[in-house]
Amino acid sequence: MDYAVETFSLTKIFSDWWGRAKVYAVDDLNLQIRTNEVFGLLGPNGSGKTTTIKMLLGLLHPTKGKCLMLGGDGSDPKINARIGFLPEESYLYRYLNARETLDFYGRLFKLPAKVRKMRIEALLDMVGLKAVANRSVGTYSKGMARRIGLAQALINDPELLILDEPTTGLDPIGTRQIKDLIIKLAQRGKTILLCSHLLADVEDVCDRIAILYGGKIQTQGQVRDLLQQTNKRQITTDVISDATVEKIKKLIHAENAEFEITSPMDRLESFFIRTVETAQRQAQSTSGAVSTTKISDFLEKDAKVESILDKLVSSPVVEESPEKVITTEKVEAGKSDIPEPNKQLLSELTGSKATSRIDKTPKEELTEKVEAGEANQEEKINRDILNRLVSSPESQEKKERQAGGDGDE
Amino acid sequence: MNSIWAVAKNTIKQALRMKIAVVFIILLLALLPVLGVSTTGDETIKGRLQTFISYGLSLTSFLLCLLTIAISIYTVTNDIKEKQIFTIITKPIRRFEFLTGKLLGVILLDMLLLVIFSIIIYSIAVYMPKFYQVNSVELAQAKTEFFTARAALVIPQQDFTEQARERFNKLKAEDALPENMSPAEVIREINNQMQVLSRAADIGDGIEWEFENVKPLADSIFIRFKYEVLQETPDSRIYSRWVVGDPHSVRTGEPGKTPVFVQDYRHTTETFHEIEIPSEVIPESGKLAVVFYNYPSNDTVVMFPKDGMEVLFKADNFTMNFIRSVILILSRLVFLTCLGILTSTFLSFPVAILLCLVLFVTASFSGFVLESFDFLSRNVGILYTYTLKWIVQILPEFDKYNPTKFLVPARLLSWSFVGQCILFMVCIKSFLLLVLAFLIFTYREIAKIVV
Ligand SMILES: Nc1ncnc2c1ncn2[C@@H]1O[C@H](COP(=O)(O)OP(=O)(O)OP(=O)(O)O)[C@@H](O)[C@H]1O
Ligand SMILES: [Mg+2]
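Predicted model, so just to flag it, every value in this text is computed and none were measured.

1. Focus: the overall build of chain B
Then step 1. Looking only at helices and strands, one finds 16 helices and eleven strands in chain B.
Then step 2. Dimensions of chain B, computed from C-alpha atoms along their principal axes, come out at roughly 85 × 65 × 40 Å.
Then step 3. For chain B, the exposed surface amounts to about 22,100 Å²; the carbon and sulfur share of it is 62%.

2. Focus on the overall build of chain A
Then step 1. Across its full length, chain A carries 18 helices and ten strands.
Then step 2. A burial count over chain A gives 51% of its 409 residues as buried.
Then step 3. Of the contacts formed within chain A by residues at least 6 apart in sequence, a portion of 72% connects residues at least 24 apart.
Then step 4. Here chain A has roughly 19,200 Å² of accessible surface; of this, 52% comes from carbon and sulfur atoms.

3. Points about the coordination of the magnesium ion (ligand 2)
Then step 1. Summarising the metal site, the magnesium ion (ligand 2) is bound by the protein donors A:Thr50 (OG1) and A:Glu88 (OE), whose distances to it range over 1.9 to 2.3 Å. Taken together, the positions of A:Thr50 in helix α1 (residues 49-56) and A:Glu88 in the loop between β6 (83-86) and α3 (98-108) put the pair 38 residues apart, joining distant regions of the chain.

4. Looking at the domain arrangement of chain B
Residues and elements named next belong to chain B.
Then step 1. With domains assigned, chain B is organised as domain 1 (2-144 + 317-442) and domain 2 (199-316).
Then step 2. Of the residues lining the interface, nine residues belong to domain 1; the matching set on domain 2 comes to eight residues.
Then step 3. Among the residues of domain 1 in contact with domain 2, Thr144, Asn317 and Arg411 are the three that bury the most area, contributing 60% of the side total.
Then step 4. The partner of glutamate 310 in a salt bridge is arginine 411, and the shortest N-O contact between them spans 2.6 Å.
Then step 5. Across the contact surface, domain 1 and domain 2 share two residue pairs in polar contact (both at pLDDT 80 or more).

5. Considering the interface of chain B and chain A
Then step 1. Contacts between the two partners involve 32 residues from chain B and, on the opposite side, 30 residues from chain A.
Then step 2. Summing both sides of the interface, chain B and chain A together bury roughly 2,900 Å²; the carbon and sulfur share of this comes to 60%.
Then step 3. Broken down residue by residue, the surface that chain B buries against chain A is led by B:Thr90, B:Lys91 and B:Pro92, which jointly contribute 22%.
Then step 4. Taking the shortest distance from any N to any O, the salt bridge between A:Lys12 and B:Glu445 comes out at 2.5 Å.
Then step 5. Between the two partners, chain B and chain A, sit 13 residue pairs in polar contact (both at pLDDT 80 or more).

6. Remarks on the side chain of B:Thr90
Then step 1. Along the chain, B:Thr90 turns up in the loop between α4 (84-88) and α5 (95-132).
Then step 2. At a separation of 2.7 Å, a polar atom in the side chain of B:Thr90 contacts the main-chain carbonyl oxygen of B:Phe86.
Then step 3. Contact partners of B:Thr90, with chain neighbours within four places excluded, come to A:Leu57, A:Leu59, A:Asn80 and A:Phe85.

7. Describing unusual backbone geometry
Residues and elements named next belong to chain A.
Then step 1. A positive phi is found at serine 9, a non-glycine position, where the angle reads about 30°.
Then step 2. Tracing the backbone shows serine 9 in strand β1 (residues 3-15).
Then step 3. The residue glutamate 165 is not glycine, and still its phi comes out positive at about 45°.
Then step 4. Mapped onto the elements of the fold, glutamate 165 is located in the loop between β7 (160-164) and α6 (172-187).
Then step 5. Residue glutamate 165 is classed as buried on the basis of its relative accessible area of 11%.

8. As for the confidence of the model for chain A
Then step 1. Mean pLDDT over chain A: 74, with 68% of residues reaching 70 or higher.
Then step 2. Low confidence marks residues 303-409 of chain A, where pLDDT is under 50. Its contacts with residues over four positions away, or in another chain, come to 171 contacts.

9. Side note on the packing of aromatic side chains
Residue and element names in this part refer to chain B.
Then step 1. Enumeration over the complete set of coordinates arrives at 30 aromatic pairs over all chains.
Then step 2. Ring centres of tryptophan 209 and phenylalanine 304 lie 5.1 Å apart, and the angle between their planes is 85°; this geometry places the pair in the edge-to-face category. On the criterion of sequence distance, the pair formed by tryptophan 209 in strand β3 (residues 206-211) and phenylalanine 304 in the loop between β10 (302-303) and β11 (309-316) is long-range, its members being 95 residues apart.
Then step 3. On the accessibility criterion, phenylalanine 304 (2% relative accessible area) is buried.
Then step 4. Ring centres of tyrosine 227 and phenylalanine 304 lie 5.7 Å apart, and the angle between their planes is 65°; on these two criteria the pair is classed as edge-to-face. On the criterion of sequence distance, the pair formed by tyrosine 227 in the loop between β4 (220-226) and β5 (228-229) and phenylalanine 304 in the loop between β10 and β11 is long-range, its members being 77 residues apart. Here tyrosine 227 and phenylalanine 304 have matching classes, each one buried.
Then step 5. Through a chain of ring-to-ring contacts, the aromatic side chains of Trp209, Phe225, Tyr227, Trp242, Phe292 and Phe304 assemble into a single cluster.
Then step 6. The lysine or arginine in question, arginine 48, covers the ring of tyrosine 132, its NZ or CZ lying 4.0 Å from the ring centre.

10. Regarding the site of ligand 1
Then step 1. Near ligand 1 lie 15 residues; those nearest to it are A:Gly46, A:Lys49, A:Thr50, A:Thr51 and A:Glu88.
Then step 2. In this structure, ligand 1 is bordered by residues of chains A and B.
Then step 3. The separation between an oxygen atom of ligand 1 and a polar side-chain atom of A:Asn45 is 3.0 Å.
Then step 4. A:Thr51 places a polar side-chain atom, nitrogen or oxygen, 2.5 Å from an oxygen atom of ligand 1.
Then step 5. Protein burial of ligand 1: of its 630 Å² of free accessible surface, 73% is covered by the chains.
Then step 6. Elements supplying a minimum of two residues to the shell around ligand 1: β2 (21-29) and α1 of chain A.
Then step 7. With three residues, α1(A) is the single largest residue contributor to the shell around ligand 1.
Then step 8. Of the residues belonging to the shell around ligand 1, the class tally is five nonpolar, seven polar and three charged.

11. A look at the packing of helix α3 (residues 45-81) of chain B against helix α11 (residues 349-364) of chain B
All names here are of chain B.
Then step 1. Two elements in contact, α3 and α11, have axes separated by 10 Å at closest approach and are oriented at 150°. With respect to each other, α3 and α11 are oriented roughly antiparallel. Judged by the twist between their axes, the crossing of α3 over α11 is right-handed. Two secondary-structure elements touch here, α3 through Phe62, Cys65, Leu66, Ile69, Ala70, Ile73, Tyr74 and Thr77 and α11 through Phe349, Ala352, Ile353, Cys356, Leu357 and Phe360.
Then step 2. Residue classes in the contact of α3 with α11 are distributed as 13 nonpolar, one polar and no charged.

12. A closer look at the nonpolar core
Then step 1. Ranked by size, the top nonpolar core spans 164 residues in total, and within it A:Met69, A:Leu123, A:Leu129, A:Tyr140, A:Leu154, A:Ile162 and A:Leu299 carry the most contacts.
Then step 2. Residue contributions to this core peak at 15 residues, all from α3(B).
Then step 3. In contact with A:Leu299, not counting residues within four places along its chain, are A:Leu123, A:Met126, A:Leu154, A:Asp157, A:Leu181, A:Leu185 and A:Arg188.
Then step 4. Residues B:Ala201, B:Val244, B:Phe304 and B:Met309 belong to the second largest nonpolar core, which totals 29 residues.

13. Observations concerning the confidence of the model for chain B
Residues and elements named next belong to chain B.
Then step 1. For chain B, the average pLDDT comes to 87, and 96% of its residues sit at 70 or higher.
Then step 2. Within chain B, no element has a lower average pLDDT than helix α13 (residues 382-386), which sits at 66, and none a higher one than helix α10 (residues 318-344), at 95.
Then step 3. Across the interfaces of the predicted complex, the ipTM metric reaches 0.77, alongside a pTM of 0.76.

14. Quick look at the sheet that holds β11(B)
Residue and element names in this part refer to chain B.
Then step 1. Reading across from one edge, β1-β11-β4-β8 is the order of the four strands in this open sheet, with antiparallel pairing throughout. Edge strands, defined here as strands with exactly one partner in the open sheet, are β1 (149-154) and β8 (272-278). Across the sheet, the mean angle separating the axes of adjacent strands is 30° when strand polarity is ignored.
Then step 2. Direction of pairing for β4 relative to β11: antiparallel, over a ladder of five bridges. What sits directly across from phenylalanine 225, in β11, is methionine 309.

15. Quick notes on the pattern of salt bridges
Residues and elements named next belong to chain B.
Then step 1. All told, the structure shown has 29 salt bridges over all chains when counted by the stated rule.
Then step 2. Residue arginine 251 pairs with glutamate 210 through a salt bridge whose shortest N-O separation is 2.5 Å. Pair noted here: arginine 251 is in helix α9 (residues 247-252) and glutamate 210 is in strand β3, with a separation of 41 residues, a long-range link.
Then step 3. Accessibility expressed as a relative area gives 49% for arginine 251, which makes it partly exposed.
Then step 4. Exposure remark for glutamate 210: the relative accessible area of 31% places this residue in the partly exposed category.
Then step 5. The closest approach of N and O atoms between aspartate 264 and arginine 241, which form a salt bridge, is 2.9 Å. Of this pair, aspartate 264 sits in strand β7 (residues 261-268) while arginine 241 is found in strand β6 (residues 237-245), placing the two residues 23 residues apart along the sequence.

Here is what the cut-offs are and how they apply
- Here, residues in each chain are numbered from 1, in the same order as that chain's written sequence.
- For this description, chains carry letters from A and ligands carry numbers from 1, given in the order in which they are written.
- Reporting of local features is limited, given that this is a predicted model, to residues whose pLDDT is at least 70; pairs of side-chain atoms are given and counted only at 80 or more, and all residues count toward the totals for whole chains, interfaces and linings.
- Only hydrogens and water are set aside; all other atoms, that is, all heavy atoms of the structure, feed into the side-chain values.
- Numbering of helices and strands runs from the N terminus, with a helix taken as a DSSP run of H or I at least four residues long and a strand as a DSSP run of E at least two residues long.
- For the area figures, the Shrake-Rupley method with a 1.4 Å probe applies, and any residue is considered shielded solely by the protein chains shown.
- Relative accessibility under 20% of the residue-type maximum defines a buried residue, over 50% an exposed one, and the middle range a partly exposed one, all with a 1.4 Å probe and only protein chains included.
- Residues count as neighbours in contact if any of their non-hydrogen atoms are within 4.5 Å of one another.
- Donor atoms are limited to N, O and S found within 2.8 Å of the metal ion, a distance that becomes 3.2 Å for Na, K and Ca. With water left out, some sites might look partial.
- These domain limits were set by an automatic method or by a database of domain assignments.
- Here the quantity called buried area is the accessible surface, traced with a 1.4 Å probe, that two parts lose on coming together, added over both.
- For this analysis, a salt bridge means a side-chain nitrogen from Lys or Arg found within 4 Å of a carboxyl oxygen belonging to Asp or Glu.
- Counting of polar contacts relies on pairs of N or O atoms within 3.5 Å, with two restrictions inside protein: one atom must be capable of donating a hydrogen and the other of accepting it, and residues adjacent in sequence are counted only when both atoms are side-chain atoms.
- The predictor attaches a confidence to each residue, and that confidence, scored 0 to 100, is pLDDT.
- Centre distance within 6.5 Å is the pairing criterion for rings of Phe, Tyr and Trp, where only the six-membered ring of Trp is used; planes under 30 degrees apart are then read as stacked, over 60 as edge-to-face, and the remainder as tilted.
- Definition used: whenever NZ (Lys) or CZ (Arg) falls within 6 Å of the ring centre and also within 35 degrees of the ring normal, the charge is taken to sit over that ring.
- We define proximity as follows: a residue is near a molecule or strand when any one of its heavy atoms falls within 4 Å of that partner.
- In this classification, Asp, Glu, Lys and Arg are treated as charged, Ala, Val, Leu, Ile, Met, Phe, Trp, Tyr, Cys and Pro as nonpolar, and every other residue, Gly included, as polar.
- Interaxial angles span 0 to 180 degrees and are taken between N-to-C directions of axes, which are lines fitted to C-alpha atoms, for helices over the stretch in contact.
- When describing relative orientation, an angle under 35 degrees is termed roughly parallel and one over 145 degrees roughly antiparallel, while 65 to 115 degrees is termed roughly perpendicular and anything else oblique.
- The sense of a crossing depends on the near helix, which, turned anticlockwise from the far helix by less than a right angle, makes the crossing left-handed and, turned clockwise, makes it right-handed.
- To form a nonpolar core, buried Ala, Val, Leu, Ile, Met, Phe, Trp, Tyr and Cys residues must be joined to one another through side-chain atoms within 4.5 Å.
- Here the rule is simple: two strands pair whenever DSSP picks up at least two bridges between them.

Take a look at the structure:
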């Protein structure tokens, strides 16, 4: 089996100034992350997630054990060239602006000037910072800095993407976008190591997870397997008459099963995205990030294409993404009416059809990948459980009383 | 290369963002012209020029040294402290390439600043005679004694060890040896005294020196000297006669093919003076005799200090000399950059700065420090010999390669001397520091937090 990341009883003990062992940050960790897998590393604060990543990347030396990334050492430039890394916080040069920042990182990857330029524009567009790209990064808000950090991690179109709490500080649209991005990248055959304690993020995108506590793995396995409640079923319908409901009730009583009926609640995420979309449609100006859920072309290219680089270089920038160019101009103008492509995208996102796209499409793809030929119904049930887990505890109780769950169709 | 260059470029930006860089630059830009106007020296234009060059260049060099130390340390330690380095060294760049980029950035910035300030100093110096509207005599003096580069022939060091040993044996036979002194010390002392004697002229007596290979490139050669006296004369001046010419003619008084230069002077003691002598007195053989006669009216013995008497002749022009001076300063900055980068691979900003400043000061007075250590070592012994002395010797000798020492007396700063400086200071010492820095940095745990 080919592993993208592999650790062998990896241990990190931090000792104090006198050399006495103080903290067992990572304790005998054996991780195997398969190629083309979205792997979630979960755990409470201080459980050793970041420390594990730092050891993978050679920023810390393991006290014991060893780790491999893409079959090599994490401090080998050849391996580094194929990795994208988003650290826990955005550590950026405050005096550079967004474009200069990305250019700097692009140069570190020795990207040819043309490719670099193209990708910078594409990434700026994707993370919604094109309009503020000439402001120095030091003046950015936390989430804006985070977005630049993400763009930086993607500039080399990495095979293995290591994200340490990528969604902290990001608005829901940004969060949604990262999740979509992760799914897209996974479709293209990339491997993603995602560290987080935001369960909502993880369950939406991860194939497998491991939960760390005190530097040790507590559980590990496929998200589906870990979360599925095999003793429950969920049915979601359009509005139906009370008479039909009664009929269904009878049917269920016949099977001696418990049930509840409610109208499904909208998820706050979809609601938020819709609100922002409305504001954007009204062309209110912002000096923050302009959120879209677009993903840069070069990251979406089919993995089978032999050399994406060649393709990118060979076609001129404008031809490559005419839609993008128009968008940018409009966005920069700020108060002009909303550009056509953007509107489409957003309404796609928030409209009734779109909502299903957001929540359903990824899940479906995921499920397909995990287990081909899964029955449709079962999948829906599974998703319901996931959704329940995402929502906060108070609302969860309420939801459990409601028969329809919180599906969004 | 692309990535090293990216780091270098970023380093320059970072440095310029650092407030103290801007403060230093403004300070220098303001001070240099002020220096140009306010320096007086001995009121002659040559004196003004000498003082200006001396202060201007020293100040520039000193401030740039401080700036270099600060920037090179800041740029590395800050990247570690603010953790930007996490996203840099996880990119396909080796750690030594990162440091090389930092080094390159600081050195490029240094070069840029050095060129700017050198041009300012040079322009002020060249413009100064016009500014003061000096008369032609002073102007000529400035031309021949400042705006030039002169090679020097110094008195060959005579070795009196043999005589000293003989004298020692004699003293020993007479049992007149001083107490508390080892034989070696006694011999050294006797040797020193004989050296001094050989450079001294008794009352009403003279000294004769003979120089070889005197090749004048210009119309004049110069004798540069300083008097020291045993007993101060009433007006602090020495009445003297200087005779310069073909050794044979000078000794015998017979006229030769070339004329003999004879002139009486009154010169103050304890300062350097120059006598201009027409080149026509030099015979074809290139041998030149110089005689100093101490008039009896002085009523004191006159001595010339160790480097207090030399024959100077033009060998190059001021501009080239100035350029070579700037190269000396640059080597110094390169060394300090490497030192700064080395210390910042394992120390935090304040500690690294402190260490570098101590080493910088030590290097600036390395001659003095070594001497005083030598003196101390009689008591301190091996401990010192194997620790401090070793460190001091590893440091470059900034005082030896101090350009003002050459520019003020308009002395030729030869390419071979500059080459020697580059070889020792840059190619060997800086390189060693850099290799050490690479090693430490490569094996260092970057993300380790030391509280
Ligand atoms: N450089 C260090 N020196 C000493 N202890 C450290 C160091 N870095 C981390 N630790 C300790 O190691 C443990 C694991 O830290 P780590 O940063 O890996 O946690 P984490 O899982 O990323 O937490 P979070 O969710 O808060 O980001 C913590 O107890 C922390 O205090
Ligand atoms: Mg962490």
